[in-house]
Amino acid sequence: MSNNWEDLVNFDKQHIWHPYTSLSHPTPVFPVKSASDVRLTLEDGRELIDGMSSWWAAIHGYNHPTLNAAIENQLKSMSHVMFGGLTHKPAVDLAKKLIDISHDDLQHVFFADSGSVAVEVAIKMALQYCSSLGQPQKQRLLTIKNGYHGDTFGAMAVCDPDNGMHHLFSNVLAQHLFAKSPDCRDQTTYDQAAIDDFEHLLKDNIGTIAAVIIEPLVQGAGGMRFYSSAYLKKVRELCDEHDVLLILDEIATGFGRTGTLFAYEQAQIAPDILCVGKALTGGYVSLAATLCSSKVADGIGGGQHPTLMHGPTFMANPLACAVANASLEVLLASPWQTSVQRIEKQLQSELAPCSQLSAVKEVRVKGAIGVIELHQPVDIDWIQPRFVELGVWVRPFSTLIYVMPPYIMTTADLSTLTSAMHQVACDIDTINDQPKAGGK
Ligand SMILES: *Cc1c(COP(=O)(O)O)cnc(C)c1O
């Protein structure tokens, strides 16, 4: 093969699956040569301002000198050793940090290799906990609609039953319980109807429910919906009242994205089990973790089967732990709260005009997350090249054009990003206004 990047794209198109794509109807992919700060450089030399942080992960931007140094230094001593029977400083340091920055109740850490696996482990913990307490019939989970918790079978079974992949796998997926999702608009109190639905499902199925699993305050890939901390607080109260574990999936929201280090802090609550991932390594390599309270760990440990039945080959990979340690140090030493607030204000003011457009259903902003929800799903074959043409990297899905930029993005770069979003929303209005002649 030649080194020509057009050959590269052609080979890719014929042989490689991308996330949620078809090999029979491939959508365009853009070859990236390098990435630095908040910019991606394409093989053809074009530079794009990155609005996605590579799916919530690259919070400090790309090619960060401190993160680079951490992984290079670790490489010199060891890149990997098995975690069965062995341990190492990068893992211990990272566990200490995670325990330190999360709620005091969370004292135990399981290192997983991806967010989905962290969710699988959280579910196993909850089920094993109940079985250790002599309640093996408690095997179901209660969650809310519009959630997203990953793509593996256990995680998929708690994703939104309608917009997820349930119908394809319905015969093999575990059957869980789905309450109405809380209304996005009310951010001060909570949606009573949603809480009533949740409470009914909880009460009616209490004998079979092991845990509640939910994304705190922001539902990510299941619809980019926001809900109030009052709702989350109520969920915690109901879990306590009915003695059910609460699993919080902070894989997307963790590490500052919503304005607090963890979103649950805004509801002044703590989970029994917490999943983190995505931004954990600052977007360098895949790593996730499941934390739990001593109540959960002791419960599992005190039962007939005290062994937590999970152990990935690359568990606690030292390179991943080392870069995660560096990422957390960089984050905590940075004025991340000020940055997130600044991004939030700017997203609010610069995306607000989009709500005037007829293609737009709603504009919403929370922390460093900006969402334009449209009435109609986007045409990805058109919209993706259009964003690239405008010099930004934004990856819409369904009816959602959204960004969650690296925290280090300057005001000027963020303006370029929001202008591009506004421009594209205007384009959609113009396209919709044209008489339809067989096109989309
Ligand atoms: C991305 C995500 C996951 C899955 O993480 P992967 O690393 O992609 O497996 C789970 N839960 C939430 C909330 C996520 O945003």
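Reading the values: the criteria
- Residues numbered from 1 in each chain as written.
- Predicted model: local features only at pLDDT ≥ 70, side-chain atom pairs only at ≥ 80, totals over all residues.
- Heavy atoms only, no water.
- UniProt positions renumbered as here; feature names shortened; annotations may be inferred.
- Helix = DSSP H or I, 4+ residues; strand = E, 2+ residues; numbered from the N terminus.
- Contact = heavy atoms within 4.5 Å.
- Polar contact = N/O pair within 3.5 Å; in protein donor to acceptor, adjacent residues only side chain to side chain.
- Domains from an automatic or database assignment.
- Buried area = accessible area lost by both parts, 1.4 Å probe.
- Salt bridge = Lys/Arg side-chain N within 4 Å of Asp/Glu carboxyl O.

Peer 1: Account for the UniProt feature "binding site: substrate" (unreviewed entry) in the chain, with residues named and values stated.
Peer 2: The positions that UniProt labels "binding site: substrate" (unreviewed entry) are, in the present scheme, Trp 55, Tyr 148, Lys 278, Gly 311 and Arg 395. In sequence the annotated residues extend across 341 residues, and in space they extend as well, their farthest C-alpha pair lying 33.6 Å apart. Along the chain, the position of Trp 55 falls in helix α2 (residues 53-56). Residues contacting Trp 55, with those up to four places away along its chain left out, are Pro 19, Lys 278, Tyr 402 and Met 404. Positionally, Tyr 148 belongs in the loop between β5 (140-144) and α6 (153-156). Among residues more than four places away in sequence, those in contact with Tyr 148 are Tyr 20, Cys 159, Glu 215, Ala 221, Gly 222 and Asp 249. Within polar-contact distance, the side chain of Tyr 148 engages the side chain of Tyr 20 at 3.2 Å.

Peer 1: Before we move on, could you go through the domain arrangement of the chain and cite the residues and values that matter?
Peer 2: By domain assignment, the chain separates into domain 1 (31-63 + 335-431) and domain 2 (66-333). Each of domain 1 and domain 2 was reduced to a C-alpha centroid, and the two centroids are 27 Å apart. Each partner contributes to the interface: domain 1 provides 26 residues, whereas domain 2 provides 34 residues. Between domain 1 and domain 2, the buried area comes to about 2,400 Å², and carbon and sulfur atoms account for 64% of it. Three residues, Trp 56, Trp 336 and Lys 366, lead the burial of domain 1 against domain 2; their summed loss comes to 33% of the area buried on that side. Across the domain 1-domain 2 interface, the total number found is 0 salt bridges. For the side of domain 1 that touches domain 2, the secondary structure elements donating two or more residues are α2, α12 (336-351), β13 (360-366), β14 (369-374) and β16 (400-403).

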